[in-house]
Structure formats: C-alpha cells, structure tokens
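Structural features, examined
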Amino acid sequence: TELGMRTIVIGEGAFRYNSTLESITITSAVEQIWGEAFLECTSLTDIALEGEITSIRASAFSKCVNLTNIKIPDSVEYIGNGAFSECTSLEEVDFGKIDTGKVKNIEYMFSDCSSLKSINWNGFDTTNVTNMGYLFQDCTSIQAIDLSSFDTSNVEDMSSMFTHMGMHSTKI
C-alpha cells in the first residue's frame, strides 16, 4: 500500500485492526499520522516513512506485533504517548537527526517492545520532555543503554522507566 497523493493526514484509526496489511509506504504528501492509525495491524512488517511527516500521534503503531524496525524521518516534531508500544518484534529504531525539541511526552513510547535491542538516539532533544514514565518498561532485549545526552531538567515523571528490562549496563 502506498499513501501520499494529496493526503495530508492519516486519520485516527484509519487502518486500525487491519490484519492483512503487510507493508506501507507513507510518501511526501503526508504530514501527520493520527492516533491509533495503524493500531494492531498484526501483519504489518515494513513501514517506510518518507517525506515531511511532522507528527506521529498516540498509539499510532501500537501493537503492530510483526514490525521489526523503523526509521523516524528527520521532519518529525511530535511523537505521541505509546506510539510504538507493544510492538513485540520491533528490534531497531532510528531517530536519525530529527528535531525533537517540541516533544514533551515520551511516556510508554517503547513499553512492552520485548525484542527491542537498539535505539539510535543521536540528536534526540529531550530539553522539553516532561514525561518519560514507562518508556522502556518490559523491553527485555535491551542489554545496554546510553542516555547520557538526555536533558532531564524538565522531566516530572520517570515512573517505571526501566521496569523489567534485561539491561546489564546503563549510562545516564
């Protein structure tokens, strides 16, 4: 499936519970992916996010249990609560060099991503983040994590951020 022709928003729940969707390419015409847009698309394995997406809302890709990796485009400014939670096959996330200076809430972002091993945080700006609660809860495959570049001066909630993780070392 390829989306993009004169589409500015992929609406809330647009593909929710679609068990036959295997891959999707979101092209340059799409600017926002609204909440639960791809919630529980259980056959979805490949997502290509191309173009100028500025917003990925709450639970947009939550419970896409066969999704293995995702590269977030540099244009993304907002990532909603639990955007990738319960993606149990997700192994790798690349934030590249996105400007996340407007991101305030990363609560539950990767909660229950039990296969997650690697996250490229280069350039991830946490200056305005206020909530990191449950960020890595039940991410049992992460062995080591380096969050030393995180600015947590505005964070008000880190509840259960590292609960049930498999990590052996961390750098904060």
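See the structure above.
Residues numbered from 1 in each chain as written. Predicted model: local features only at pLDDT ≥ 70, side-chain atom pairs only at ≥ 80, totals over all residues. Heavy atoms only, no water.

This brings us to the sheet that holds strand β6 (residues 55–56). What the four strands build is an open sheet, ordered β2-β4-β6-β8; its pairing is parallel. With partners counted over all chains shown, the strands left at the sheet margins are β2 (9–10) and β8 (78–79), one partner each. As defined by bridge partners, strand β4 (residues 32–33) adjoins β6 across two bridges and the pair is classed as parallel. Paired with glutamine 32 across the strands is serine 55, a residue of β6. (Pairing = 2+ DSSP bridges. Helix = DSSP H or I, 4+ residues; strand = E, 2+ residues; numbered from the N terminus.)

What the three strands build is an open sheet, ordered β7-β9-β10; its pairing is parallel. With partners counted over all chains shown, the strands left at the sheet margins are β7 (69–71) and β10 (118–120), one partner each. Within this sheet the neighbouring strands show an average axis-to-axis angle of 0°, counted without direction. Here β7 runs beside strand β9 (residues 92–94); their pairing, made up of three bridges, is parallel. Each bridged residue has a counterpart across the sheet, and for isoleucine 70 the counterpart in β9 is valine 93. (Axes fitted to C-alpha atoms, helices over the stretch in contact; angles between N-to-C directions.)

Our focus in this paragraph is the pattern of salt bridges. Opposite charge on two side chains lets them pair, provided their charged atoms get close. Taken as a whole and assessed by the stated rule, the structure comprises one salt bridge. A salt bridge links glutamate 36 to arginine 16; the nearest nitrogen and oxygen atoms lie 2.5 Å apart. Of this pair, glutamate 36 sits in the loop between β4 and β5 (46–49) while arginine 16 is found in the loop between β2 and β3 (23–26), placing the two residues 20 residues apart along the sequence. For glutamate 36, a relative accessible area of 26% puts it in the partly exposed group. (Salt bridge = Lys/Arg side-chain N within 4 Å of Asp/Glu carboxyl O. Buried < 20%, exposed > 50% of the residue type's maximum accessible area, 1.4 Å probe, protein only.)

Position of tryptophan 121 among the secondary structure elements: in the loop between β10 and β11 (144–146). Judged by its relative accessible area of 7%, tryptophan 121 falls in the buried class. Aside from chain neighbours lying at most four places away, what touches tryptophan 121 is Phe95, Phe110, Phe136, Ile145, Asp146, Leu147 and Phe150. (Contact = heavy atoms within 4.5 Å.)

So, about the pairing of β5. Going residue by residue along β5, you find Ile47 and Leu49 tucked away on one face and Asp46 and Ala48 left uncovered on the opposite face. Pairing of β3 with β5, which is carried by four bridges, proceeds in the parallel orientation. Looking across to β5, one finds that threonine 25 is bridged to alanine 48.

What is shown is where atoms sit, not what they do.
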